[in-house]
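Below, each chain spelled out in residue letters.
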Amino acid sequence: MTKKSSNLITPFVLFSLILGAAGLTATHFLAVQFQEKIVTQQLNEAANKANLQIDSELDKFKQIPDLLSHDPRLISYFTSSPQTDKITVTQLNKLLFEWSNQSQADTIYIHDRSGTVVASSNYQQPRTFVGENFSFRPYFASAIKGNNTQYVALGARSNVRGYFLSSPLYTDKEIVGVITVKVSLENLENILTSDDFEIVVLDSNQVVFLSNQTSWLYHSLLPLSEQQQTEIATQRQYGQSEISIIEDFRSAKLQQKANDTILPNDLQPNQIQKELVSNQLFQLGAFNLYPAPISNNQYQVVALKETKTELLKVLQIDVIFIIIYSLVMLIAWSWRQTYIAKVALTRLNENLEQTVDKRTHYLKQSNQQLQQTIFQYQESQLKLKQTEQELTQTAKLAVLGELSASINHEINQPLAALRTYSENSLKLLEMKRTDLVKSNLDKMIALNTSITEIIARLKVFTRKVTKQEHHVANLHQAVNNATSILSALMIKQGITLRLSTMPDDINLAIHPTELEQVLVNLIHNATQALQQQAMEQSTPRLKTSGQSILEEQSSKLEALDIQTIPQIGVEWQRKNDTCQLIIWDNGIGISKDKLEQLFDPFFTTKPEGLGLGLSISKRIIEAYHGTINAAQLEPSGMVFSLNIPLYKNQG
């Protein structure tokens, strides 16, 4: 175990660990400094933006008390001169109500010198200020001394946060009362909303009076002195006897992050700071704090952001450094291992060269033998393909050989007619009957066209298939050509052909000549089966000596009833992306024990047959990704089902 450990702790590994630890320490320190700089900038922008927005909102109401204090209608209430029309309390209340609606202030009310409210814009509300004494409020105490005052507190009657603006009322340069405008702070919280930061607004005692965190309202970030607690309780500023610290900051110490900030002379480094210094970043509990300068309206905006976001980014940078450093060390280690391996490989190459030379000769011989084998295989494949093509062509010619009699009859009949019309035309010319000669010539041309069409069908059927990338066969045309070739034979044997109506736009993905060959094979087999059935039914039966003539005639009538008209049917139906062709007959069929061998090469039930037609048909259909199946048809006959893919460009 000790030996294995010593092998792992090599000088390279030890140096890598020391260098990595030093690099990680430096990277972590720089990342912390960088994140603090970014957070400081972000919080500074957020705090200053909120400060400007709040100042902008409050400045709308700041001049209202001073302006209204000079209204002669208001001053007339406090004037005792008989020459002046003194406004009544009711009129004064209505006047304040109009001012409140016009200025959108929450409440406007007037105190006499004792602090009692003599008129108010909310005089009609259940909790009207009229008759209440607010002499304990600092805004009244300061304004009655001649000062314009701003103050924030919970309403003593409404229990609604408000920003109070007060100005003294003068008559003959003597203060006779105070006018106060209360601005609701509920709407100001909407402008403090932010997804990335928390914005709180502190009063002069550093108590939170605006925040989106409801649990932070009317609590302080830092401990308050006894004097501050006493003043707040006396003034009933927030309706509480004591202001407590916010729970999130209760057990935290304030840490100043600005390196260039000098602590006050009366504050020791180990003491808890009692106030927030403007434009400096602090850490308090799980938050970074950035206080904006104290506003002229006697409040301070503080932007907060959780430190976990900053910590996560620093940790991400640390992890990235570790990953990159590990990759660099891995590359260095790999390069070192590669160098060592190259040295070892050079030694091995020297030993392997001799072995390679010995084996090269053997491989050359094996390669020559392999090339010869491949050449022979290719020749065999070529011969096999040629044999298959010749075999297919042989099967076609075999079918034509069997149809030769009917084809000769189909051609000889128009030829005989041509000769008759020719001889007749010569005689008509001698008689100068040109009109009849012209009629004979038209008939001769029609017969010639008929012979040409018969020969053309045979040429198309017998030609060899050329391999192309894409093949397309028209179903209607293929069925029509196949049945045309066999039409003479079927007419001769009295076979009824039943064809389903086939549209002209059904195209199949198969070579047209090969499709015709399959159809000719199947229909020709059906005609032979029907021919064999007719022969068996026409064979006379031997009478027994005891059978009477009446019984013989009765059996013949029964046989005629049972015998059906020989028929061959060609039907089709479309199934998704394939077309199913069904060829059936009511011939003699085949026994079940021979049904499985039906598509085997050289299997035949006819003495003169080659046994290749169905085998070649199966190979052709499967070469185009189709299927062919055979089944017995009740009460007699066979049915063949072809499933051939439709051509891809088919609509």
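Keep in mind the model is a prediction, meaning the values are calculated, not measured.

S.K.: Sorry if this is basic, but what is going on with the environment of Leu497 here?
M.R.: For Leu497, the location among the structural elements is in strand β13 (residues 496–499). Assessed through its relative accessible area of 29%, Leu497 is described here as partly exposed. With 73 residues separating them in the primary sequence, Leu497 and Val570 have C-alpha atoms 7.9 Å apart. When residues no more than four places from it in sequence are discounted, the contact partners of Leu497 are Thr483, Met490, Ile568 and Val570.

S.K.: I tried to follow the pattern of salt bridges on my own but got confused; where do I start?
M.R.: Between side chains of opposite charge, a pair can form as their charged atoms come close. Here the structure, examined in full by the defined rule, presents two salt bridges. Here Arg73 ties to Asp71 by a salt bridge, and the two come within 3.1 Å at their closest N and O atoms. Note on Arg73: relative accessible area 44%, which makes it partly exposed. For Asp71, a relative accessible area of 13% corresponds to the buried category. A salt bridge links Lys618 to Glu622, with the shortest nitrogen-to-oxygen separation between them at 2.9 Å. With Lys618 and Glu622 both in helix α14 (residues 613–623), this residue pair falls four residues apart, about one helical turn. Note on Lys618: relative accessible area 25%, which makes it partly exposed.

S.K.: In this structure, what is going on with the packing of aromatic side chains? I would like to understand it.
M.R.: Aromatic rings in a pair are described by how distant their centres are and how their planes are angled relative to each other. Following the criterion strictly, the structure yields ten aromatic pairs and no others. Taken together, a centroid distance of 6.1 Å and an interplanar angle of 45° make the contact between Tyr139 and Tyr151 tilted. Taken together, the residues Tyr139 in helix α6 (residues 138–143) and Tyr151 in strand β3 (residues 149–154) connect sequence positions twelve residues apart. With a relative accessible area of 1%, Tyr139 lands in the buried category. A ring pair is formed by Phe599 and Phe640, whose centres lie 6.4 Å apart and whose planes are at 90°; its orientation type is edge-to-face. With Phe599 in the loop between β16 (578–585) and α14 and Phe640 in strand β18 (residues 638–645), this pair connects stretches of sequence that are 41 residues apart. The exposure classification of Phe599 matches that of Phe640, with both residues buried. The structure contains a cluster of three or more aromatic residues connected by ring pairs, namely Tyr109, Phe129, Phe134 and Phe136.

S.K.: Please clarify how the sheet that holds β13 should be interpreted in this entry.
M.R.: Pairing is mixed across the open sheet formed by five strands, whose spatial order is β13-β15-β16-β18-β17. With one partner strand each, in any of the chains shown, β13 and β17 (627–632) form the two edges of the open sheet. The mean angle between the axes of side-by-side strands here comes to 15°, regardless of whether they run parallel or antiparallel. Two elements, strand β15 (residues 567–575) and β16, share eight bridges in a ladder whose sense is antiparallel. By the bridge assignment for β16, Val570 is matched with Ile583. Each of β17 and β18 touches α14; the most contacted strand, β18, lies at about 25° to it.

S.K.: Looking at this structure, how should I read the pairing of strand β4 (residues 161–171)?
M.R.: Along a regular strand, successive side chains alternate from one face of the sheet to the other. A large share of β4 lies buried, amounting to ten of its eleven residues. With six bridges joining them, β3 and β4 adopt antiparallel strand pairing. Looking at β4, one finds that Gln150 is bridged to Leu165. Following β4, the chain reverses through two residues before pairing antiparallel with strand β5 (residues 174–184); Asp172 in that reversal takes a positive phi of roughly 55°.

S.K.: I'm lost on the sheet that holds β3 in this one. Help?
M.R.: Either a parallel or an antiparallel arrangement is found when strands of a sheet pair, and the pairing is made through backbone hydrogen bonds. Taken together, the five strands give an open sheet; going across it, the order is β2-β1-β5-β4-β3, and neighbouring strands pair in antiparallel fashion. Since the sheet does not close on itself, it has two edges, and those belong to β2 (117–120) and β3, each with one partner. The mean angle between the axes of side-by-side strands here comes to 25°, regardless of whether they run parallel or antiparallel. Two elements, β4 and β5, share ten bridges in a ladder whose sense is antiparallel. Each bridged residue has a counterpart across the sheet, and for Gly162 the counterpart in β5 is Ser184.

Conventions we followed
- Residues numbered from 1 in each chain as written.
- Predicted model: local features only at pLDDT ≥ 70, side-chain atom pairs only at ≥ 80, totals over all residues.
- Heavy atoms only, no water.
- Helix = DSSP H or I, 4+ residues; strand = E, 2+ residues; numbered from the N terminus.
- Buried < 20%, exposed > 50% of the residue type's maximum accessible area, 1.4 Å probe, protein only.
- Contact = heavy atoms within 4.5 Å.
- Salt bridge = Lys/Arg side-chain N within 4 Å of Asp/Glu carboxyl O.
- Phe/Tyr/Trp six-rings, centres within 6.5 Å; stacked < 30°, edge-to-face > 60°.
- Pairing = 2+ DSSP bridges.
- Axes fitted to C-alpha atoms, helices over the stretch in contact; angles between N-to-C directions.

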